[in-house]
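# Structural overview
As a plain string of letters, each chain reads:
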Amino acid sequence: MRCLAPFFFALSVTPALACETALLLAIDVSNSVDAAEYRLQTDGLADALRDPAIMDIMLRDRVAVSVVQWSGVDEQVVAIPWERISHAGQLDQLSRRARAMDRAFVLSGTATAEALLFSLAQFDAVADCKRKVIDISTDGTANAGGDVRLVRGRAERAGVTINGIGIESMGRTITNFLHSAVITRDGFVMTARMHQDYPAAIRAKILREIARVMG
């Protein structure tokens with residue numbers, strides 16, 4: 001009689017669902033961000049994580065999410081560690097945690113290079129994810145720390161995409177800075193006019209990032 005054991009073994013093995021995207025959200029909490037503006041950022045992020053379109057993709061692709069707060073040269077912290085999304089309850093809890101986040105730093109500078117270096121180091125914990133993305137938001141250009149362009153090159157060599165949100169009070173100074181010095185070749189920049197526009201911008205930006213729209 002022909003042995004059917006290999007056939008039954010093949011049926012019994014269920015491939016593990018892969019993580020499609022690891023998304024690290026890096027939020028600027030430097031001196032230029034006041035308490036109300038900080039709250040607009042956290043509430044905007046919390047609302048985005050409950051958006052139905054974002055929830056559907058995060059669940060489908062088992063997206064991993066983490067949040068970093070950053071400011072001066074030695075001021076970066078993981079506010080929310082990596083969470084691999086596998087059910088809707090996780091997203092609800094993640095949204096609550098984002099809304100309740102305490103501010104990590106006040107009265108300090110804007111060290112964009114160090115924020116990115118710190119963020120890059122976090123991806124060791126999600127090395128199995130196919131795509132790795134840093135989503136950095138800021139309302140100022142770098143005024144402390146190292147050369148942002150060198151860190152961008154390091155990210156590109158590591159296969160990490162950097163996207164940005166420039167929060168502008170007037171003009172395009174921050175947006176231009178992100179374009180010229182921060183985002184990777186496969187990245188993009190969105191502009192929020194004042195902090196009041198940030199919630200809509202972060203929702204659109206996360207959706208674009210996890211939907212695998214590049215460039």
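Residues numbered from 1 in each chain as written. Predicted model: local features only at pLDDT ≥ 70, side-chain atom pairs only at ≥ 80, totals over all residues. Heavy atoms only, no water.

## Some details on the packing of aromatic side chains
A complete count under the given rule lists one aromatic pair for this structure. Where Trp-82 meets Phe-123, the ring centres are 5.5 Å apart and the plane angle is 50°; that geometry is what we call tilted. With Trp-82 in strand β3 (residues 76-84) and Phe-123 in the loop between α5 (112-121) and β4 (131-138), this residue pair connects regions lying 41 residues apart in the sequence. Take Trp-82 and Phe-123: they sit in the same class, and that class is buried. Here the basic side chain of Arg-208 rests over the ring of Phe-188, its NZ or CZ set 3.8 Å away from the ring centre. (Phe/Tyr/Trp six-rings, centres within 6.5 Å; stacked < 30°, edge-to-face > 60°. Helix = DSSP H or I, 4+ residues; strand = E, 2+ residues; numbered from the N terminus. Buried < 20%, exposed > 50% of the residue type's maximum accessible area, 1.4 Å probe, protein only. Lys NZ or Arg CZ within 6 Å of the ring centre and 35° of its normal.)

## Things to note about the packing of α5 against helix α6 (residues 148-158)
Following both chains from N to C, one finds α5 and α6 inclined at 20°, their axes separated by 8 Å at the closest point. Considering their axes alone, α5 and α6 lie roughly parallel with respect to each other. Note on packing geometry: the crossing formed by α5 with α6 is left-handed. Along the contact surface, α5 presents Thr-112, Ala-113, Leu-116, Leu-117 and Leu-120, while α6 presents Val-148, Val-151, Arg-154 and Ala-155. Of the residues that constitute the contact of α5 with α6, the class distribution is seven nonpolar, one polar and one charged. (Axes fitted to C-alpha atoms, helices over the stretch in contact; angles between N-to-C directions. Parallel < 35°, antiparallel > 145°, perpendicular 65-115°, else oblique. Left-handed = near helix turned anticlockwise from the far one by under 90°. Contact = heavy atoms within 4.5 Å. Nonpolar A, V, L, I, M, F, W, Y, C, P; charged D, E, K, R; others polar.)

## Some words on the sheet that holds strand β5 (residues 160-168)
With respect to topology, six strands assemble into an open sheet ordered β3-β2-β1-β4-β5-β6, the strand pairing being mixed. Of all strands in the sheet, those bounded by a partner on one side alone are β3 and β6 (189-193). Here the average twist between neighbouring strands, direction ignored, is 15°. The sheet contact formed by strand β1 (residues 21-28) and strand β2 (residues 64-70) spans seven bridges and is parallel. Following the sheet pairing, Ile-27 is matched in β2 by Gln-69. This element, helix α4 (residues 88-99), spans β2 and β3 of the sheet and lies at about 170° to β3. (Pairing = 2+ DSSP bridges.)

## Some details on the state of the cysteines
By the definition in use, this model includes one disulfide. In this model, Cys-19 is linked to Cys-129 through a disulfide, with the two sulfur atoms separated by 2.0 Å. Disulfide Cys-19-Cys-129: the torsion about the S-S bond is 95°, which places it as right-handed. A residue pair is termed long-range when its members are at least 10 positions apart, and Cys-19 in the loop between α1 (5-12) and β1 and Cys-129 in the loop between α5 and β4 qualify at 110 residues. Exposure remark for Cys-129: the relative accessible area of 2% places this residue in the buried category. (Disulfide = S-S within 2.5 Å.)

## Some thoughts on the packing of helix α3 (residues 52-61) against helix α8 (residues 198-210)
Where α3 contacts α8, the two axes come as close as 10 Å, and the packing angle between them is 30°. Put simply, α3 runs roughly parallel to α8. Handedness of the crossing formed by α3 with α8: left-handed. The segment α3 lies against α8, with Ala-53, Ile-54, Ile-57, Met-58 and Asp-61 engaging Arg-203, Ile-206, Leu-207 and Ile-210. Here the contact of α3 with α8 is built from residues that sort into seven nonpolar, no polar and two charged.

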